[in-house]
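Architecture at a glance
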Amino acid sequence: QVQLVESGGGLVQPGGSLRLSCVASGSDVSAYDLNWYRQIRPGQLRDLIASVKSDGTIKYADSVKGRFTISRDNAKNTVVLQTSSPVPEDTAMYYCNAEQRTNIGGKIWYWGQGIQVTVSS
């Protein structure tokens, strides 16, 4: 069982810096794909905004491409999402996610508890 714990959220000024960290425990996640999702409002679907696969492949949603950076440190079982150009539209609950591929071709998803980010002056 994998536990994910996010940190680094809170109130951020537009144009300031934001760094979200997610630490995994309970298992080595170096073979997992690691993702960041966000949910703008309660009840809305969570949107995948950045992913870094176990082979290092990185993808971004158009909404954050060029502004956000995702990185992973397998030695520390950590994935980080950061930006130096947040805008009010980035205000959301952010969730860390780990995808484990099973031997039979399926996936097991693990989620962090979520962390609120508010971008406002």
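Just above sits the structure.
Attention here is on the structure that accompanies the text. Quick caveat: nothing in here was measured; it's all calculated off a predicted structure.

1. Brief notes about the environment of valine 80
- Along the polypeptide, valine 80 turns up in strand 8 (residues 78–83).
- Among the residues examined, valine 80 registers a relative accessible area of 8% and is labelled buried.
- Once the C-alpha coordinates of valine 80 and asparagine 35 are considered, the two residues, 45 residues apart in sequence, prove to be 9.5 Å apart.
- Valine 80 has contacts with Arg19, Leu20, Ser21, Trp36, Thr69, Ile70 and Ser71, leaving out every residue within four places of it along the chain.

2. Let's talk about the pairing of strand 11 (residues 115–119)
- Only one face of strand 11 is covered, namely the one carrying Ile115, Val117 and Val119; the face carrying Gln116 and Thr118 has none of its residues buried.
- Note that strand 2 (residues 10–12) and strand 11 share three bridges and pair parallel. Bridge pairing in strand 11 places leucine 11 opposite threonine 118.

3. Looking at the environment of threonine 83
- Position of threonine 83 relative to the elements: it lies in strand 8.
- A relative accessible area of 5% means that threonine 83 is categorised as buried.
- Measuring from C-alpha to C-alpha, the distance between threonine 83 and glycine 15 comes to 9.0 Å, with 68 residues separating the pair along the chain.
- In contact with threonine 83, other than residues within four places in its own chain, are Gly16, Ser17, Leu18, Arg67 and Phe68.
- A polar side-chain atom of threonine 83 sits 2.8 Å from the main-chain carbonyl oxygen of arginine 67.

4. Some details on the sheet that holds strand 3 (residues 18–25)
- The strand order 1-3-8-7 describes an open sheet built from four strands, whose pairing is antiparallel. At either end of the open sheet lies a strand with only one pairing partner, and these are strand 1 (3–7) and strand 7 (68–73). Pairwise comparison of adjacent strand axes, ignoring direction, gives a mean angle of 15° for this sheet.
- For strand 7 and strand 8, the ladder comprises six bridges, and the chain directions are antiparallel. In the sheet register, arginine 72 faces strand 8, and the bridge partner there is valine 79.

5. With respect to the pairing of strand 5 (residues 47–52)
- Of the strand pairs in this sheet, strand 4 (residues 33–39) and strand 5 are connected by five bridges, and their pairing is antiparallel. The partner of arginine 38 across the bridge, within strand 5, is aspartate 47.
- Pairing analysis gives three bridges linking strand 5 to strand 6 (residues 58–60), with the strands arranged antiparallel. Bridging from a neighbouring strand, valine 52 pairs with isoleucine 58 of strand 6.

6. Section: the state of the cysteines
- Within this structure, the stated rule accounts for one disulfide.
- What pairs with cysteine 22 in a disulfide is cysteine 96, and their sulfur atoms sit 2.1 Å apart. The sign of the S-S torsion, about -80°, decides the handedness of the disulfide formed by cysteine 22 and cysteine 96: left-handed. With cysteine 22 in strand 3 and cysteine 96 in strand 9 (residues 92–101), this residue pair connects regions lying 74 residues apart in the sequence. For the pair cysteine 22 and cysteine 96, one class covers both residues: buried.

7. Here we look at the packing of aromatic side chains
- This model, assessed by the stated rule, comprises five aromatic pairs.
- With 6.3 Å between their ring centres and 85° between their planes, tyrosine 95 and tryptophan 111 make a pair best called edge-to-face. Highlighted residues: tyrosine 95 in strand 9 and tryptophan 111 in strand 10 (residues 107–111), separated in sequence by 16 residues.
- Overall, the relative accessible area of 30% leaves tryptophan 111 in the partly exposed class.

What counts, and at which threshold
- Residues numbered from 1 in each chain as written.
- Predicted model: local features only at pLDDT ≥ 70, side-chain atom pairs only at ≥ 80, totals over all residues.
- Heavy atoms only, no water.
- Helix = DSSP H or I, 4+ residues; strand = E, 2+ residues; numbered from the N terminus.
- Buried < 20%, exposed > 50% of the residue type's maximum accessible area, 1.4 Å probe, protein only.
- Contact = heavy atoms within 4.5 Å.
- Pairing = 2+ DSSP bridges.
- Polar contact = N/O pair within 3.5 Å; in protein donor to acceptor, adjacent residues only side chain to side chain.
- Axes fitted to C-alpha atoms, helices over the stretch in contact; angles between N-to-C directions.
- Disulfide = S-S within 2.5 Å.
- Phe/Tyr/Trp six-rings, centres within 6.5 Å; stacked < 30°, edge-to-face > 60°.

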